[in-house]
Amino acid sequence: MTKSFTPNDLLRYIYQEMSEGENELVVQALRSEDHLMQDYLDMLSTLDQLNQLMLTPSEKVVKSILRKANSTGLEKV
């Protein structure tokens, strides 16, 4: 009987959170199941895109935080 792998299984594989035995089963499944391989490649692409995001707060948020920090009377570091 062949095991069906879920998206969670693929994420565990990507993040190397599986045992050697589980890894081998995933590799075999990826070689034989085109839809699973496509899901895997889609996940890798999505993770790559997420890693490239540059997240920064807006200027409005930064100014608000600085105003609040200055109003507390705390000593500057």
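Within each chain, residues carry numbers counting from 1 in the order of the written sequence. Since the coordinates come from a predicted model, pLDDT governs what is reported: local features require at least 70, and pairs of side-chain atoms require 80 or more to be given and counted, while whole-chain, interface and lining totals use all residues. Values shown for side chains rest on all heavy atoms present in the structure; no hydrogens or waters enter the calculation.

### Observations concerning the nonpolar core
The set of buried Ala, Val, Leu, Ile, Met, Phe, Trp, Tyr and Cys residues whose side-chain atoms join them within 4.5 Å is what this entry labels a nonpolar core. Exposed residues in this analysis have more than 50% of their type's maximum accessible area, buried residues have under 20%, and partly exposed residues fall in between, with area computed by a 1.4 Å probe over protein chains only. Core analysis: the biggest nonpolar cluster contains 13 residues, and Leu10, Tyr13, Val26, Leu30, Leu36 and Tyr40 have the highest contact counts within it. Put simply, DSSP marks the helices as runs of H or I at least four residues long and the strands as runs of E at least two long, and each gets a number from the N terminus on. If you list the elements that add at least two residues to this core, you get helix 1 (7-14), helix 2 (20-32) and helix 3 (34-52). What makes two residues a contact is simply this: any of their non-hydrogen atoms within 4.5 Å. In this structure, leucine 30 is in contact with Leu10, Tyr13, Leu36, Met37 and Tyr40, ignoring residues within four places of it in sequence.

### Digging into helix 2
Relative to the 18 Å expected for 13 residues at 1.5 Å per residue, helix 2 spans 19 Å between its end C-alpha atoms, a close match to the ideal helical length. Elements that come into contact with the buried residues of helix 2 comprise helix 1 and helix 3. Expected span of a helix: the number of residues minus one, times 1.5 Å.

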